[in-house]
Protein chains: 2
Amino acid sequence: MQSKPTEAELEILQVLWENGPSSVRFVNEQLGERKEVGYTTTLKLMQIMYEKGLVSRNTDARSHIYEAAIERDATQRNLLGTFVDNVFSGSAMNLVMQALGNHKASKDELDQIKALIEKIEKEG
Amino acid sequence: MQSKPTEAELEILQVLWENGPSSVRFVNEQLGERKEVGYTTTLKLMQIMYEKGLVSRNTDARSHIYEAAIERDATQRNLLGTFVDNVFSGSAMNLVMQALGNHKASKDELDQIKALIEKIEKEG
DNA sequence: ATTTTTCTACGAATTTTTTCGTATAAAATT
DNA sequence: AATTTTATACGAAAAAATTCGTAGAAAAAT
């Protein structure tokens, strides 16, 4: 069972998931676009994440290259489960309704969802 | 702008939202069904929540009665927004797909969602 | 009337998460 | 070759969140 990443750790994982294996410097720059954050802060976090097994790293070069060690999908699924419990009393449907209601979805996205629903209905 | 409740605070809000105005004792008992938690811990949390304006309270009787001071819907919407950003890089649709894919929805629920989609499509 | 139980208030200890300073070494620049 | 830049490691401070002990008053039970 893998430990649940904190919010700051999650931001780093996003960068790694979206950009693949990266140096601390790169990750720090990506984060920096949204809010200023010290280099050693990011470094320390990534070292902690390494100890926790959230990332792996290659230390061949002087500048170590970090890589996400947990899958995006699985992590999202885990966190979503916890979130649904915490915020929506376990009702995923309420969450879906809320999400659909709030965010304007494009026709394409709505079609995707409809397709998914049909698929579920057939299987069910 | 209301402050974002922490996880422990959220658990308490759930109890208040679902049961209406309640005493500390009652809230503590409800929480206790899921995991043991000391009475004064719950008390302290609720006092902090009062200071933050997350709950209001009636102190007429010796046993104070607390009530959620923020709306469930609005709170869920706020938290959902943050969550989508943190975990799904801002893509609410990805979240919906994930939620739909994982949790088996009943036919009724699926119908509800379809209805909602149609409504959105018409308005759009 | 005493004792026990049930409250709140308050302060502080603990734990978790985040941030950063300093030391040191390697690499790049001048 | 000397200086400046760029890395990591490490420890610890700071901030945020959680937990709990103790005191004292009110209410309930004996």
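Each value, and the rule that gives it
- Residues numbered from 1 in each chain as written.
- Chains lettered and ligands numbered in written order.
- Predicted model: local features only at pLDDT ≥ 70, side-chain atom pairs only at ≥ 80, totals over all residues.
- Heavy atoms only, no water.
- Least-squares fit on C-alpha atoms with pLDDT ≥ 70 in both.
- Contact = heavy atoms within 4.5 Å.
- Buried area = accessible area lost by both parts, 1.4 Å probe.
- Salt bridge = Lys/Arg side-chain N within 4 Å of Asp/Glu carboxyl O.
- Pairing = 2+ DSSP bridges.
- Helix = DSSP H or I, 4+ residues; strand = E, 2+ residues; numbered from the N terminus.
- Near = heavy atom within 4 Å.
- Polar contact = N/O pair within 3.5 Å; in protein donor to acceptor, adjacent residues only side chain to side chain.
- Domains from an automatic or database assignment.
- Buried < 20%, exposed > 50% of the residue type's maximum accessible area, 1.4 Å probe, protein only.

Under the fitted operation, chain B is carried onto chain A by 0.0 Å of movement along the axis and a turn of 180 degrees, and the coordinates agree to an RMSD of 0.1 Å. Here the transformation between the copies is reduced to the relation of a two-fold axis. For chain B, the minimum C-alpha distance to the rotation axis belongs to V96 of chain B and amounts to 2.8 Å.

What follows covers the interface of chain B and chain A. Each partner contributes residues to the interface: chain B has 39 residues there, and chain A has 39 residues. When chain B packs against chain A, the two sides together hide about 4000 Å² of surface, and 68% of this comes from carbon and sulfur. For chain B, the biggest contributors to the area lost against chain A are L80, N86 and M93 of chain B; these three give 14% of the whole. Here chain B is connected to chain A by 4 salt bridges. Salt-bridge contacts for K114 of chain B lead to E121 of chain A; the nearest nitrogen and oxygen are separated by 3.2 Å.

All names here are of chain B. Reading across from one edge, β1-β3-β2 is the order of the 3 strands in this open sheet, with antiparallel pairing throughout. Pairing within the sheet leaves two strands with one partner each, and these edge strands are β1 (22-23) and β2 (55-58). Here β1 runs beside strand β3 (residues 65-68); their pairing, made up of 2 bridges, is antiparallel. Its bridge partner lying in β3, S23 is registered against I65.

Taken together, 18 residues sit near DNA strand D, with R25, Y39, Q47 and R62 of chain A together with T6 of chain B positioned nearest. Counting only atoms of DNA strand D within 4 Å of the protein, the sugar-phosphate share comes to 60%. At a separation of 3.3 Å, a phosphate oxygen of DNA strand D approaches a polar side-chain atom of R57 of chain A. One nitrogen or oxygen atom from the main chain of A8 of chain B is found 3.3 Å from a phosphate oxygen belonging to DNA strand D.

As a measure of interface size, the accessible area lost when the parts come together is often cited. Residues and elements named next belong to chain A. You can read the domains of chain A as domain 1 (1-90) and domain 2 (92-124). Distance from the C-alpha centre of domain 1 to the C-alpha centre of domain 2: 28 Å. Listed as interface residues are 5 residues of domain 1 and, on the opposing side, 4 residues of domain 2. Buried surface at the junction of domain 1 and domain 2, summed over both partners, amounts to about 350 Å²; 78% is from carbon and sulfur atoms. Joining domain 1 to domain 2, the criterion identifies 0 salt bridges. Our count for the domain 1 to domain 2 interface comes out at 1 residue pair in polar contact (both at pLDDT 80 or more).

All names here are of chain A. In terms of strand pairing, strand β2 (residues 55-58) meets strand β3 (residues 65-68) through 4 bridges, oriented antiparallel. Bridge pairing in β3 links R57 to Y66. Two successive antiparallel strands, β2 and β3, enclose a turn made up of 6 residues.

On to the environment of V15 of chain A, then. Residue and element names in this part refer to chain A. By secondary structure assignment, the location of V15 is in helix α1 (residues 7-19). For V15, a relative accessible area of 8% puts it in the buried group. For the pair V15 and E29, spaced 14 residues apart in sequence, the C-alpha separation works out to 10 Å. Setting aside residues up to four positions removed in sequence, V15 forms contacts with G20, F26, V27, Q30 and L31.

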